[in-house]
Amino acid sequence: MYTPFERDEAFGYRKDSVESRLREGSPVVGVSTQEGIYLLTVCRGQRKIYEIYDRQMFSAIGMQGDIEEVRVSTIQMAHQEGFERSPDDVTLQRLIGFALSRRLKQAFGDLWSSAPFVIRALFAELGRTPAQDSFYALNYDGEFRASNGVAVVAGTALAEDKMLERFGESSPALSREEALKRALSAWVAGAQEAFRAGSRSEEVREAEESEEADRIFLYDELKTGHIEVGFLERNTQRESRFRLLTPADIAFLRA
């Protein structure tokens, strides 16, 4: 049995371990516009943005196995909910609030027999209007927060703050080009902060931010990675609202 002090200490070690493994994850940015919702990230390996159900999509940072487990579980729960009730009843509030949050919280809190999930996830849900769009950020300990307009997840709270500051005020009137340019700029701010936090060099940690520094940083990142953008289209005749934008669709981001 743990004493209260030992239990708190064990949770502290567990939290520090997960946070250290998340720190350098590639951030994710979500933005809502009149034509739909976008999730943007930079992939360094496997694909990172996925459809969950007709009006929901998902991305995350963390261990690939944990991300995949959460993704598959969410898809299964969404389809079961849609089958037993109706597709309109499949909402992130229900999926996360009544199932995923509880599962992650239980795994994090069970010091005896389970390892915590190493994940920080961003879910997006398309509404009939931009005002009804929503984002849910889900943490490894089961805690989650809802937001509208724009949302981010990154390896540290400071990185997320810098990303939101860089993106600025969101607006449904943003064009695709403007929304994604601002999302990519926010991604750069978050990724740079993770790089500085993990660096032992004072020069790197104290480097000034500038458009030129951003351009060089992104250029270096795209040598080994690529920009990935998921899109939930509000008004479409296609069978699925979700699609990944093609390189041609987002060529302007590399200009």
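Quick notes on the rules
- Residues numbered from 1 in each chain as written.
- Predicted model: local features only at pLDDT ≥ 70, side-chain atom pairs only at ≥ 80, totals over all residues.
- Heavy atoms only, no water.
- Core = buried A, V, L, I, M, F, W, Y, C linked by side-chain atoms within 4.5 Å.
- Buried < 20%, exposed > 50% of the residue type's maximum accessible area, 1.4 Å probe, protein only.
- Helix = DSSP H or I, 4+ residues; strand = E, 2+ residues; numbered from the N terminus.
- Contact = heavy atoms within 4.5 Å.
- Phe/Tyr/Trp six-rings, centres within 6.5 Å; stacked < 30°, edge-to-face > 60°.
- Lys NZ or Arg CZ within 6 Å of the ring centre and 35° of its normal.
- Pairing = 2+ DSSP bridges.

Looking at the nonpolar core
Here is step 1: Counting residues in each nonpolar core, the largest one holds 29 residues, and the members touching the most others are Leu-40, Leu-180, Trp-187, Ile-227 and Val-229.
Here is step 2: Contributions of two or more residues to this core are made by strand 1 (28-33), strand 2 (36-43), strand 8 (150-153), helix 4 (157-167), helix 5 (176-198), helix 7 (211-224) and strand 9 (226-233).
Here is step 3: The biggest single contributor to this core is helix 5, with 8 residues.
Here is step 4: Those residues within four positions of Val-229 in sequence are excluded, and the remaining contacts are Tyr-38, Leu-39, Leu-40, Ile-49, Leu-180, Arg-243, Leu-244, Leu-245 and Ile-250.
Here is step 5: Membership of the second largest hydrophobic core comes to 21 residues, among which are Tyr-50, Ile-52, Phe-58 and Leu-92.

A word on the packing of aromatic side chains
Here is step 1: One pass over the full model with this rule turns up 7 aromatic pairs.
Here is step 2: Ring centres of Tyr-38 and Phe-231 lie 4.6 Å apart, and the angle between their planes is 10 degrees; this geometry places the pair in the stacked category. Pair noted here: Tyr-38 is in strand 2 and Phe-231 is in strand 9, with a separation of 193 residues, a long-range link.
Here is step 3: Taking relative accessible area as the criterion, Tyr-38 reaches 0% and is therefore assigned buried.
Here is step 4: The exposure class of Phe-231 is buried, given its relative accessible area of 1%.
Here is step 5: Here a set of aromatic residues connected by ring pairs shows up, and it is made of Phe-11, Phe-108 and Tyr-140.
Here is step 6: Here Arg-71 stacks its cationic end above the ring of Tyr-50, 4.5 Å away from the centre of that ring.

Brief notes about the pairing of strand 2
Here is step 1: With 8 of its 8 residues buried, strand 2 lies for the most part within the structure.
Here is step 2: Relative to strand 2, strand 1 is paired through 6 bridges, and the arrangement is antiparallel. Opposite Val-28, over in strand 2, you have Thr-41 as the bridge partner.
Here is step 3: Hairpin connection of strand 1 to strand 2: 2 residues between the antiparallel strands.
Here is step 4: Across 8 bridges, strand 2 lies against strand 9 in antiparallel orientation. Pairing of Thr-41 across the sheet is with Glu-228, part of strand 9.

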